[in-house]
Amino acid sequence: MSTKALFTYAPHRIGRHPEAEVTMTARCLAADCGWELAPTSDLAAGDEACMTHTGLNPGHDRFERQWSEVSLVTRTDVATASRAESST
């Protein structure tokens, strides 16, 4: 008795979830500074908060910024897409 494996390939794609927003956080990298930006979806306001922190604290000009989003993986059905294209 032999064992055989069958592998199939199903193409997928990944992208931002349609109901999700990009959020940003930041923290000051100056020694002994604990300033952190709470997560915000207003990216311009997040940048402004970092610049304001630097203006109020000379020498605090380096930040770690992180962006995050919720992603969605979807299966792309090649056969269905081909049939839909050929019927138009």
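Structure shown above.
Residues numbered from 1 in each chain as written. Predicted model: local features only at pLDDT ≥ 70, side-chain atom pairs only at ≥ 80, totals over all residues. Heavy atoms only, no water.

Asker: Describe the packing of aromatic side chains, naming the residues involved and giving the relevant values.
Answerer: Applying the stated criterion across every chain, the model contains one aromatic pair. When the ring of tryptophan 35 is compared with that of phenylalanine 63, the centres are 5.7 Å apart and the planes differ by 80 degrees; the resulting orientation is edge-to-face. With tryptophan 35 in the loop between strand S2 (23–28) and strand S3 (36–40) and phenylalanine 63 in strand S4 (residues 63–68), this pair connects stretches of sequence that are 28 residues apart. Accessibility expressed as a relative area gives 21% for phenylalanine 63, which makes it partly exposed. (Phe/Tyr/Trp six-rings, centres within 6.5 Å; stacked < 30°, edge-to-face > 60°. Helix = DSSP H or I, 4+ residues; strand = E, 2+ residues; numbered from the N terminus. Buried < 20%, exposed > 50% of the residue type's maximum accessible area, 1.4 Å probe, protein only.)

Asker: Can you explain the sheet that holds S2? Please cite residues and give values.
Answerer: Within a sheet, each strand pairs with its neighbour through backbone hydrogen bonds, oriented either parallel or antiparallel. With antiparallel pairing, three strands are arranged side by side in an open sheet as S3-S2-S4. Whereas interior strands pair on both sides, the edge strands pair on one side only; in this sheet they are S3 and S4. Neighbouring strand axes in the sheet, compared pairwise and without regard to direction, differ in orientation by 10 degrees on average. Where S2 and S3 come together, three bridges link them in antiparallel fashion. Counted as the bridge partner of methionine 24 is threonine 40 from S3. Seen against the sheet, helix H1 (residues 43–56) touches S2, S3 and S4 and runs at an angle of roughly 10 degrees to S2. (Pairing = 2+ DSSP bridges. Axes fitted to C-alpha atoms, helices over the stretch in contact; angles between N-to-C directions. Contact = heavy atoms within 4.5 Å.)

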